[in-house]
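A structural walkthrough
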Amino acid sequence: MITIDDVRYTEDDLSEIAQTQVKRINAIRSEASELQMLLDEKEVLISAYANAISKSVKEVEEVEAEAV
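Residues numbered from 1 in each chain as written. Predicted model: local features only at pLDDT ≥ 70, side-chain atom pairs only at ≥ 80, totals over all residues. Heavy atoms only, no water.

So, the overall build of the protein chain
Convention followed: Helix and strand definitions here come from DSSP, where helices need a minimum of 4 consecutive H or I residues and strands a minimum of 2 consecutive E residues; each element is numbered from the N-terminal end. Residues scored as charged are limited to Lys and Arg (positive) and Asp and Glu (negative), so that His and the chain ends carry no count. Here the site of a charge means atom NZ of a Lys, CZ of an Arg, CG of an Asp or CD of a Glu.
Along its length, the protein chain carries 1 helix and 2 strands. Counting from the amino terminus, helix and strand elements in the protein chain follow one another as β-β-α. By its C-alpha atoms, the protein chain is 80 × 20 × 10 Å across when sized along the principal axes. Here the protein chain contributes 7 positively and 16 negatively charged side chains, and the mean placements of these two sets differ by 3 Å.

Remarks on a negative patch on the surface
Going by this rule: To count toward a patch, a residue needs a relative accessible area over 30% and no salt bridge; like charges are then connected within 9 Å, while nonpolar side chains (Val, Leu, Ile, Met, Phe, Trp, Tyr) are connected within 5 Å. Per-residue accessibility takes into account occlusion by the displayed protein chains alone, with areas from the Shrake-Rupley method and a 1.4 Å probe. A side-chain nitrogen of Lys or Arg and a carboxyl oxygen of Asp or Glu constitute a salt bridge if their distance falls within 4 Å.
Together, Glu59, Glu61, Glu62, Glu64 and Glu66 line one region of the surface with negative charge. As for its position among the elements, glutamate 59 is in helix 1 (residues 16-67).

Details of unusual backbone geometry
What counts here: Only protein chains enter the accessibility calculation, which uses a 1.4 Å probe; a residue is then buried when its area is under 20% of its type maximum, exposed when over 50%, and partly exposed in between.
One non-glycine residue with positive phi stands out, namely aspartate 5, at about 50°. Structurally, aspartate 5 can be placed in the loop between strand 1 (2-4) and strand 2 (7-9). Residue aspartate 5 is classed as exposed on the basis of its relative accessible area, which comes to 72%. Even without being glycine, aspartate 6 reaches a positive phi, approximately 65°. Turning to its location among the elements, aspartate 6 is positioned in the loop between strand 1 and strand 2. Accessibility expressed as a relative area gives 78% for aspartate 6, which makes it exposed.

What to know about the environment of valine 57
Assignment of secondary structure puts valine 57 in helix 1. With a relative accessible area of 40%, valine 57 lands in the partly exposed category. Separated by 30 residues in the primary sequence, valine 57 and alanine 27 have C-alpha atoms spaced 45 Å apart.

Quick notes on the side chain of glutamine 19
Keep this limit in mind: Two residues form a contact once any of their heavy atoms are found within 4.5 Å.
In this structure, glutamine 19 sits in helix 1. Apart from residues lying up to four places away in sequence, glutamine 19 is in contact with Glu11, Asp12 and Leu14.

Quick word on the pattern of salt bridges
Two side chains that carry opposite charge are able to pair once their charged atoms sit near each other. Enumeration according to the criterion identifies 1 salt bridge in this entry. Taking the shortest distance from any N to any O, the salt bridge between glutamate 31 and arginine 24 comes out at 3.8 Å.

Points about helix 1
Under the convention used in this document: Working rule for helices: expected span equals 1.5 Å times residues minus one.
Taking 1.5 Å of rise per residue, 52 residues should cover 76 Å, and helix 1 covers 76 Å from first to last C-alpha, within 8% of that figure. Buried within helix 1 are the following residues: Ala18, Gln19 and Val22.

Following this line, the structure appears as structure tokens:
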């Protein structure tokens, strides 16, 4: 089933070209979802690296402060 302008159609109601286009839309949506998941994961990794850098800088500052 596909809904176009609030009207539901079965696959048999659509031309072969429209059926192919519906399949392509579904594939593109799936790819977009996968890409969004990858982007979300990358943002988590960026945050983790940034936190690690911040922590290491603070540790160096603490060691340097103790040495003075």
